[in-house]
Amino acid sequence: MLDETFLTPLPIDLIAVGVGSLQGAMFAAGFKRIDLLGVAIIGTASGIGGGFLRDILLGVTPASFSENLYLIVATGAAFIGMLLSRLLEKVDPLITVLDALSIGMFGAIGTTKALAMGLPVVPALFIGTVSAVGGGVLRDVMLNIPIALMHVGSLYAVASLVGVSTLAALLALGVPVMIAGVACVIVTAVLRLLAVRFGWSLPEQRALSRIRLRRQRQVEQVIEEALHTGAITVELDLRELRDPDLDPPSGGGPEAPSRG
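Note that the coordinates shown come from a computational prediction; the quantities given were computed from them, not determined experimentally. (Residues numbered from 1 in each chain as written. Predicted model: local features only at pLDDT ≥ 70, side-chain atom pairs only at ≥ 80, totals over all residues. Heavy atoms only, no water.)

S.K.: In this structure, what is going on with the packing of helix 2 (residues 36–58) against helix 5 (residues 92–116)? I would like to understand it.
M.R.: Axis angle and axis distance: for two packed helices, these are the angle between their axes and the distance between the axes, and together they describe the pair. Running from N to C, helix 2 and helix 5 cross one another at 10°; their axes reach a closest spacing of 11 Å. In terms of orientation, helix 2 and helix 5 fall into the roughly parallel class. Of helix 5, the residues touching helix 2 (which contributes Arg54, Asp55 and Leu58) are Ile109, Gly110, Lys113 and Ala114. When its residues are assigned to classes, the contact of helix 2 with helix 5 shows three nonpolar, one polar and three charged. (Axes fitted to C-alpha atoms, helices over the stretch in contact; angles between N-to-C directions. Helix = DSSP H or I, 4+ residues; strand = E, 2+ residues; numbered from the N terminus. Parallel < 35°, antiparallel > 145°, perpendicular 65-115°, else oblique. Contact = heavy atoms within 4.5 Å. Nonpolar A, V, L, I, M, F, W, Y, C, P; charged D, E, K, R; others polar.)

S.K.: Is there a simple way to think about the environment of Val60 in this case?
M.R.: Note on placement: Val60 falls in the loop between helix 2 and helix 3 (68–83). Discounting residues that sit within four places of it in the chain, Val60 has contacts with Asp55, Lys113 and Met117.

S.K.: Is there a simple way to explain the packing of aromatic side chains in this structure?
M.R.: Working definition: an aromatic ring pair is given by the centre-to-centre distance plus the angle between the planes. A complete count under the given rule lists three aromatic pairs for this structure. Between Phe27 and Phe31, the ring centres sit 5.5 Å apart and the planes meet at 55°, which makes this aromatic pair tilted. On the basis of relative accessibility, which here comes to 34%, the residue Phe27 falls in the partly exposed class. Taken together, a centroid distance of 5.8 Å and an interplanar angle of 20° make the contact between Phe198 and Trp200 stacked. Residue classification places Trp200 among the partly exposed residues on the basis of a relative accessible area of 38%. Sitting over the ring of Phe27, Arg139 keeps its end group 4.3 Å from the ring centre. In this structure, Arg197 packs its charged tip against the face of Phe198, placed 5.1 Å from the ring centre. (Phe/Tyr/Trp six-rings, centres within 6.5 Å; stacked < 30°, edge-to-face > 60°. Buried < 20%, exposed > 50% of the residue type's maximum accessible area, 1.4 Å probe, protein only. Lys NZ or Arg CZ within 6 Å of the ring centre and 35° of its normal.)

S.K.: Looking at this structure, I do not really get the pattern of salt bridges. What am I missing?
M.R.: Between side chains of opposite charge, a pair can form as their charged atoms come close. Evaluated as defined, the whole model comprises three salt bridges. The partner of Asp55 in a salt bridge is Arg54, with the nearest N and O atoms 2.9 Å apart. Neither Asp55 nor Arg54 differs from the other in exposure class; each is buried. Through salt bridges with shared partners, one network takes in Arg54, Asp55 and Lys113. (Salt bridge = Lys/Arg side-chain N within 4 Å of Asp/Glu carboxyl O.)

S.K.: Looking at this model, I keep getting lost on helix 6 (residues 121–142). Mind explaining?
M.R.: An α-helical segment advances 3.6 residues per turn. Residues three or four places apart therefore align on the same side. Over its 22 residues, helix 6 runs 31 Å from end to end, which matches the ideal 32 Å to within 8%, given 1.5 Å per residue. At Val133, helix 6 shows its maximal bend, which comes to roughly 55°. Immediately downstream of helix 6, the backbone of Asn144 shows phi near 60°, a positive value. (Expected span 1.5 Å × (residues − 1). Bend = angle between axes of the 7 residues up to and from the residue.)

S.K.: I would appreciate a short explanation of unusual backbone geometry in the present structure.
M.R.: Phi is mostly negative for residues that are not glycine, and the peptide bonds are mostly trans. The backbone of Asn144 sits at a positive phi, close to 60°, despite the residue not being glycine. Assignment of secondary structure puts Asn144 in the loop between helix 6 and helix 7 (157–172).

S.K.: When you look at the confidence of the model for the chain in this model, what are you seeing that I'm missing?
M.R.: Averaged over the chain, the pLDDT score is 83; the fraction of residues at 70 or greater is 79%. Here helix 9 (residues 205–229) stands out as the least confident element of the chain, with mean pLDDT 64; helix 7 is the most confident, with 95. Predicted confidence for residues 250–260 stays below pLDDT 50, and this span has one contact to residues more than four positions away or in other chains. (pLDDT = per-residue confidence, 0-100.)

Below, the structure is given as structure tokens:
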């Protein structure tokens, strides 16, 4: 259990909330048939969503409800993001940098807060990651679109998880909370920005199966060429090399259960 948590000055905390609301409102403004109030609500949820989910999971009063300025700043930033979305697109690199710093900060706050309440390390890392990415998840749920976190794209949750893991490792080594928290913010932000810059992402799960199938076909091709040239003579049924998990049954067998 920690004696203290990673705390940031209120102005910096409000800037992070505002950046989240700006991005959420700019994103929602691109959807048709969403009125001004809807965009404002989605933007506000994007800004305070991570901290809200963190505190709900920890069973404490959400921080955004303990101070008037959180909701005021989040709502104001949402309206700005909605009304000035095209203008703000010109400073999108700056907003991306601030967003990367904010997810690192929310991750550090969430993790240390969970550890201070006596949670084990692994659940605390989960809480920290939820705190960092929860706003984007709420945004997508409210817009009724596939959650971006679950699909191939620039590293987001992974960057946060690496950052909070660095925080936990430093704390285990006896590093002061503030230094470990700053390191978490830096690691998260750098990894997130590098992922955006170079397009890093986790591989799509179907890509793993395609790689296995491609290698299998390469092996089959080499064997067939060798048999045609007479380099080797082997009595071999190529069907035995096939992976039953990759090739469908050739008829007569039981069908796969329907999903819907």
